[in-house]
Amino acid sequence: MNWKHVHLIFLREMNDQLRDRRTLFTITILPILLYPLIGMLMMQIAQFNREYAVHIRVVGAENWPAESPLFSADNELLTLPGLEKLTKLIELETQPWPKDHSESARQSLVESSRDAVMADEVDAVLLIELEFARLLKSRLNAQSNSEASGDSQADSLENEDGLQLIANLARDHSKIAQSRLDIVLDHWRSNWVASQLSAVGMNPRLVEPILLTETDTSVSSVRRAMLWSKVLPFVMLVWALTGAFYPAIDLCAGEKERGTLETLLTSPARRREIVWGKLLTISVFSIGSALLNLLSMHLTAGIIVKQLASQGSAHLAEALGPMPIHAFGWLVLLLLPMAAFFSALALAVAALARSTKEGQYYLMPLLLVTLPLVALPMLPSLELNLGTSLVPVSGAVFLVRSLIEGRYTEAIIHLPVVMLVTACCCSLAIRWAIRQFESEAVMFRESDRWNFRLWMHQVWRDRGDTASPTEAILCGVIILVGMFFAQFVAGSSIHDWRTIVTSTVIVQIGLILT
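Since we're looking at a predicted model, the values are computed, not measured.

Enquirer: Is there a simple way to think about the overall build of the protein in this case?
Expert: Summing up its helical and strand segments, the protein has 20 helices and 4 strands in all. For the protein, the residues scored as buried account for 38% of the 514 residues in total. Residue pairs in contact within the protein that sit at least 24 positions apart in sequence constitute 76% of those at least 6 positions apart. Of the roughly 30,700 Å² of accessible surface on the protein, a fraction of 62% belongs to carbon and sulfur atoms.

Below, the structure is given as structure tokens:
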């Protein structure tokens, strides 16, 4: 291979791409403007993101036990110790219990409360039964008597209800009202139990006999590195793929439309040299797009963190923090082979397109295949091991994630496997791109409309004695997808010979032989 030809083609393609304003805007200008605009939008939204008070109707507040009050004399929620902020976010509307104490009146009250919640008149309704105070005393006395006599007198009171909360969990405000009221009632219950234990001469700490003291030995920089190690590779690789695809479309499909590809193919340069020249050009734009995104994200995140710290959100600012500087070195190490891999994939896929418009349609399938591999390392339950290191793209991301988090021993153990898999993927992608350029059927495809009937006739007429590698892979994928759906038809469990025969016929004969 003549590297002088590769160098000339690289300079030609770079000069051509630098003249394209659309490509330059997508690759360079957009990343610089995108994250500051997103940061500005987030800061504006944060100004309106405040907690609103919920509206709760309390029916029968007079039935609450007077010795352990929860409501004030004017039927307002008492401020419990430690819940001062939460109490201010609850607005109460009190309603006396109906004078008619029959069961039909109680059911009517429940139905009207449900209608009020469903009609959004209130966020939730708390019903305090007439016998609530008596039930508390009865359960306390029954527990004392059962401990003295050994019988189960307290069991008969367990199924009796004293409180009923009605909420509409399909509404966010109603769910928030339920959760806030649960916190208030749980806090009151703890205080009530502690007071009852003190009244009988027992230690109130029996309510919580064990207090767990937690000590965090991690460093704040390491915690921030763990957060950014999940986000940064994903953003960087997505932009590396996007930054590679648009130049690849212009260098292949765009040249077909402009009629300059034939001139390049008739030059003394071999197809392999043409591919390498275009591949280097695409890789430069892929790496540049990813690096510009990282720098823009770093600057925007630093400004937002300083703004949060100045507004009193020091804890949140410390949790987020600026991106660690050492992460950039490891990310660049990941970016170089991934950019080459994505550039070769984009070049091979773009070679199939007959026009720029058709080439843009191929971006979505390529993203759908690549995004799961890039997003897999973001799952908290997965880590770098022999299995994940064998997954293309994901293994390299897991490796860099371990390096960013400082787990160097783990990274060194799996480094050879990740490097071997990444090298194989890059080699296969580059060979595929070269093969696409060496195929005249691919480079000079007709621009007629696709017809299913003519296509089937052509496939049947030009069929070979054996399947090509592409056809074999396609058939294998179709069989696997068919087996996935066939398992639901045949049943996941086998109980008798009938299910065995059914699953065998569907899977073996219906899928594989067909």
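Enquirer: Explain the packing of aromatic side chains to me, please; I cannot follow it from the model alone.
Expert: Pairs of aromatic rings are described using the distance from one ring centre to the other and the angle between the two planes. Applying the stated criterion to the full structure yields 6 aromatic pairs. On the basis of an interplanar angle of 70° and a centroid distance of 4.9 Å, the ring pair of Trp 64 and Trp 188 is categorised as edge-to-face. Linking Trp 64 in the loop between strand E1 (54-59) and helix H3 (84-87) with Trp 188 in helix H6 (residues 172-199), this pair joins segments that are 124 residues apart in sequence. Here Trp 64 and Trp 188 have matching classes, each one buried. Overall, the relative accessible area of 9% leaves Trp 188 in the buried class.

Enquirer: I keep staring at the nonpolar core and nothing clicks. Help me out?
Expert: Where a protein is soluble and globular, its nonpolar side chains tend to be buried together. If you look at the biggest cluster of nonpolar residues, it comprises 70 residues, and the most contacted ones within it are Met 236, Leu 237, Leu 334, Phe 341, Phe 342, Leu 347 and Val 393. When contributions to this core are tallied by element, the ones reaching two or more residues are helix H7 (220-258), helix H8 (261-265), helix H9 (271-310), helix H11 (326-352), helix H13 (363-375), helix H15 (394-404) and helix H16 (408-438). With near-sequence residues (within four places) excluded, Phe 341 lies in contact with Val 393, Cys 425, Cys 426 and Ala 429. Residues Ala 61, Leu 126, Leu 136 and Leu 181 belong to the second largest nonpolar core, which totals 24 residues.

About the criteria used
Residues numbered from 1 in each chain as written. Predicted model: local features only at pLDDT ≥ 70, side-chain atom pairs only at ≥ 80, totals over all residues. Heavy atoms only, no water. Helix = DSSP H or I, 4+ residues; strand = E, 2+ residues; numbered from the N terminus. Buried < 20%, exposed > 50% of the residue type's maximum accessible area, 1.4 Å probe, protein only. Contact = heavy atoms within 4.5 Å. Areas by Shrake-Rupley, 256 points an atom, 1.4 Å probe, with all protein chains shown as cover. Phe/Tyr/Trp six-rings, centres within 6.5 Å; stacked < 30°, edge-to-face > 60°. Core = buried A, V, L, I, M, F, W, Y, C linked by side-chain atoms within 4.5 Å.

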